[in-house]
Amino acid sequence: NLSVDAYRRQHEITISEKNAPPPFMSFPSTGFPAEILREVQKAGFTAPTPIQAQSWPLAMRNRDIVAIAKTGSGKTLGYILPGFMHIKRFSNNPQKGPTVLILSPTRELATQIQDEAEKFGNSSRILSTCLYGGAPKGPQIRDIQNGVDIVVATPGRLNDILEMGKISFCQVSYLVLDEADRMLDMGFEPQIRKIVKEIPARRQTLMFTATWPKEVRKIASDLLSNPVQVNIGNSDE
Ligand code: ADP
Ligand code: MG
């Protein structure tokens, strides 16, 4: 398909698989529900960014994904909006624990991600909370107990709450490792591995990263299952 090839060339999209689904070059072509399309329109976005366009059809086919694209390229919605679709399809009882778990390196980034989850997910009645260090655990644990679909967390605090037995991962089936390179740089690998050990193997795992050094490749090969890799630009490899 010429227009697909032209789009990928224009936006420097490379994919590790020949028969990958075509990118969603417009918002209507995503098939997202009306309440999500309305939020996107309210935000003033005219078209998906390249990483969104190519990650969404893969994520919606339940593929494990490694997405490599530089900062500012729209990676957050790249995993959040398919996460909403996943919640709608595999809707569980949020009281028993989250369906979507997003790991992020810092409190600031985790908060930004949860803000996006709220902004775009409120009208879909998606509930989320954010867990990070340097703040009391009590209110965070109460939020979990009240029931949420999405938990955004830094690995350190989440591992603490896990060891206290205050969160269950039995319903997690969509796991995101955001800024994987930075999480490893910050020394979070042991906590990440402890957390992922408690998540059911029957899950979809998505890794978003700005760079693709060998430490990140190693953890990807350990934690993801037959992932498809999407690169934007020459961001490593
Ligand atoms: P990254 O995680 O790749 O660094 P972000 O997800 O933080 O990037 O997005 C960067 C900015 O782009 C944010 O302000 C976000 O709201 C905006 N953005 C996301 N998707 C789109 C889009 N499709 N069109 C225009 N702006 C977008
Ligand atoms: Mg980001």
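Conventions and cut-offs
Residues numbered from 1 in each chain as written. Chains lettered and ligands numbered in written order. Predicted model: local features only at pLDDT ≥ 70, side-chain atom pairs only at ≥ 80, totals over all residues. Heavy atoms only, no water. Buried < 20%, exposed > 50% of the residue type's maximum accessible area, 1.4 Å probe, protein only. Helix = DSSP H or I, 4+ residues; strand = E, 2+ residues; numbered from the N terminus. Arc of directions from axis to C-beta. Contact = heavy atoms within 4.5 Å. Near = heavy atom within 4 Å. Polar contact = N/O pair within 3.5 Å; in protein donor to acceptor, adjacent residues only side chain to side chain. Areas by Shrake-Rupley, 256 points an atom, 1.4 Å probe, with all protein chains shown as cover. UniProt positions renumbered as here; feature names shortened; annotations may be inferred. Salt bridge = Lys/Arg side-chain N within 4 Å of Asp/Glu carboxyl O.

Let's shift gears to helix 10 (residues 214–223). Among all positions in helix 10, only V216, I219, A220 and L223 are buried. Taken around the axis of helix 10, the buried residues stretch over an arc of 105°, which confines them to a single face. In helix 10, those exposed residues whose orientation departs by more than 90 degrees from the buried face are K214 and S221. Packed against the buried residues of helix 10 are strand 2 (65–68), strand 6 (174–177), helix 8 (180–185), helix 9 (189–197) and strand 7 (204–209).

Another aspect to go through is unusual backbone geometry. Of note in the backbone geometry, N62 takes a positive phi value of approximately 65° without being a glycine. Along the chain, the position of N62 falls in the loop between helix 3 (50–59) and strand 2. Residue N62 is classed as partly exposed on the basis of its relative accessible area of 37%.

Bringing the site of ligand 1 into the picture now. The environment of ligand 1 is made up of 14 residues, and the closest members are A47, Q52, G72, K75 and T76. Between A47 and ligand 1, the recorded distance is 2.9 Å, taken from a backbone N or O atom to a nitrogen atom. One nitrogen or oxygen atom from the main chain of G72 is found 2.6 Å from an oxygen atom belonging to ligand 1. In the complex, 70% of the free accessible area of ligand 1, which totals 570 Å², lies under the protein chains.

Residue position: P227 is located in the loop between helix 10 and strand 8 (228–232). Leave out the neighbours within four places in its chain, and P227 touches S16, R63, D64, I65 and V66.

This next bit is on the UniProt feature "short sequence motif: Q motif" (unreviewed entry) in the protein. Per the UniProt record, the feature "short sequence motif: Q motif" (unreviewed entry) sits at residues 25–53. Spanning residues 25–53, this segment combines 45% helix with 0% strand, and its end C-alpha atoms are found 6 Å apart.

So, about the pattern of salt bridges. In this structure the tally under the stated criterion is seven salt bridges. The partner of E39 in a salt bridge is K42, with the nearest N and O atoms 3.4 Å apart. Separated by three residues within a single helix, E39 and K42 lie in helix 2 (residues 34–42), roughly one turn from each other. A relative accessible area of 66% means that K42 is categorised as exposed. Salt-bridge contacts for E215 lead to K214; the nearest nitrogen and oxygen are separated by 3.7 Å.

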